[in-house]
Amino acid sequence: MASQNLVPRNSTHNISKITRALDPTALLFYAFLLLPLLYVHGAPITSRAIRFAVLLGVLLLSLTLLSVRNKFIMNVKNLPWAAKIALAVMLAGSVISTLLSSDSLEIRLLGLVPEYLGLLIWVSFIVVGIAFLDRAKELLTSKITLAIFLVITLASLYISMSELRLGLRLQGLLFQATTMGMFSVLAFIVGLYGLDTAKDARHKALATILLLASFSAVILSQSRISYIAMSLLCCAVVFLAWYKNRTLVVVSLVAVATILCLPWVFPDYFERFHAASIKSGTEYRLDLYAISGNDLLKNNTLVGNGPSSLPPSINNTNVVPEAIKESLKTGDVFLSTHNLFFDFAYYFGVISCLALGVISGLALFYGMRAKEFFLVGLFFVLLANALTNVPSLEL
């Protein structure tokens, strides 16, 4: 008599999905996403220190767990040859610059909370990114990821209620308004994808709540670059989904219209969006970039100053324009050029920075060629954040 399968097919399928969702690679990925929830109220430095420790733990486990390490090695082998060369150049420049730095070994390797990321933190980003490369879309579109983004966004709104009542910008669990705004744009994209692919009412409800919460967080961050990134992405969604999903089109059009109208309806609250403020902010950033670029080409073409160095040129009152000089006179110190690529060049040299640029360009090229528009949209937000914001452990 033939034996019968006592386990229903649906149950077997569900067990397989759960097992895959909770394998070591997935768990480490979710641990990385959960970093913003490692929060100690009123103690941002302590919170960042805990996040540093957890990220280093993810790095250690990624290199010691056999399944994750094998996945990392396989993904490195599968990289395009141009990416392999750029990665090798970037790593070589980073290691040499760190070895030649005058900082203590501890700071060079671990950084200085909360201002600087040490070499091991930068290596962690590389290892984590490559280890999860082939499963990036699967993990980023999972219900668990959607739930994580939702919890972080709602928690950020909750802990910032008192500041928001005073009209201050939302910083939330990311501790910085622009970073919070860009995180919320990422959450909005995850919500859109969830709404597009939801197959049950609960999934659709979670995606809808995430869309509302993340859009509110973007607005309350009062981040100009977040508004621009959100508007451009929504326009892209309208173009791509016009004949496929009218719900996404309507949501995107409403989001763009709201972003365009709110500064006109509430001009006092959105003072940062007045023409004078935008002009001043743009000129300020361009001055930072111009001064830093000239300094880097003169002094840091091959080797940087190490991962815990200040950008020297924009802290020199003898060379900066009057607007920046006024900031320095108040005792402020520029820890960053507000551009990841310039900061990376200061840390590890212009050549390493160019290698990072090549890797970023290849990521966009292959993403567009594969028509992975969801992943391209997320990478676009990260790239916009890199070009206009300070380096962030969480992003």
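Residues numbered from 1 in each chain as written. Predicted model: local features only at pLDDT ≥ 70, side-chain atom pairs only at ≥ 80, totals over all residues. Heavy atoms only, no water.

Q: Please provide a residue-by-residue account of unusual backbone geometry, values included.
A: Not every positive phi belongs to a glycine, and Gln222 is a case in point at roughly 55°. Mapped onto the fold, Gln222 is located in the loop between helix 12 (201-221) and helix 13 (224-241). Positive phi, close to 60°, is recorded for Lys371, a residue that is not glycine. Inspection of the secondary structure puts Lys371 in the loop between helix 18 (350-369) and helix 19 (373-388). (Helix = DSSP H or I, 4+ residues; strand = E, 2+ residues; numbered from the N terminus.)

Q: I'd love a proper account of the environment of Ser184, names of residues and values included.
A: Along the chain, Ser184 turns up in helix 11 (residues 177-197). Apart from the residues lying within four places of it in its own chain, the contact partners of Ser184 are Ser214, Ala217 and Val218. (Contact = heavy atoms within 4.5 Å.)

Q: Can you break down the packing of aromatic side chains residue by residue, with the values?
A: Tallying each qualifying case throughout the model produces 18 aromatic pairs. Ring geometry for Trp122 against Phe344: centres 5.4 Å apart, planes inclined by 80°, an arrangement best described as edge-to-face. Of this pair, Trp122 sits in helix 7 (residues 119-131) while Phe344 sits in helix 17 (residues 340-348); the two residues are 222 residues apart in sequence, bridging distant segments of the chain. Assigned by exposure class, Trp122 and Phe344 land together as buried. In textbook terms, an aromatic cluster arises when at least three aromatic residues are bridged by ring pairs, as seen for Trp122, Phe125, Phe344, Tyr347 and Phe348. Positioned above the aromatic ring of Trp242 is the side chain of Arg246, whose terminal nitrogen or guanidinium carbon lies 5.1 Å from the ring centre. (Phe/Tyr/Trp six-rings, centres within 6.5 Å; stacked < 30°, edge-to-face > 60°. Buried < 20%, exposed > 50% of the residue type's maximum accessible area, 1.4 Å probe, protein only. Lys NZ or Arg CZ within 6 Å of the ring centre and 35° of its normal.)

Q: Break down the confidence of the model for the chain for me, citing the residues and quoting the values.
A: Averaged over every residue, the pLDDT of the chain is 86; residues scoring 70 or more account for 90%. Mean pLDDT values over the elements of the chain span from 52, in helix 1 (residues 9-21), up to 95, in helix 9 (residues 143-159). (pLDDT = per-residue confidence, 0-100.)

Q: Go over helix 3 (residues 44-64), please, and point to the residues and values.
A: Given a rise of 1.5 Å per residue, 21 residues ought to cover 30 Å, and the 30 Å separating the end C-alpha atoms of helix 3 matches this to within 8%. Three or more residues of helix 3 are buried, namely Ser47, Arg48, Arg51, Phe52, Leu55, Val58, Leu59 and Ser62. An end-on view of helix 3 places all buried positions within 140° of arc, on one side of the element. (Expected span 1.5 Å × (residues − 1). Arc of directions from axis to C-beta.)

Q: Can you break down the nonpolar core residue by residue, with the values?
A: One finds Phe188 and Met230 to be the most contacted residues of the largest nonpolar core, which totals 95 residues. When residues of this core are assigned to their parent elements, the largest contribution, 11 residues, is made by helix 11. Setting aside anything within four residues of it in sequence, one finds Phe188 in contact with Leu211, Ser214, Phe215, Met230, Cys234, Val251 and Ala255. Listed in part, the 6 residues of the second largest apolar core include Leu288, Tyr289, Ile314 and Ile324. (Core = buried A, V, L, I, M, F, W, Y, C linked by side-chain atoms within 4.5 Å.)

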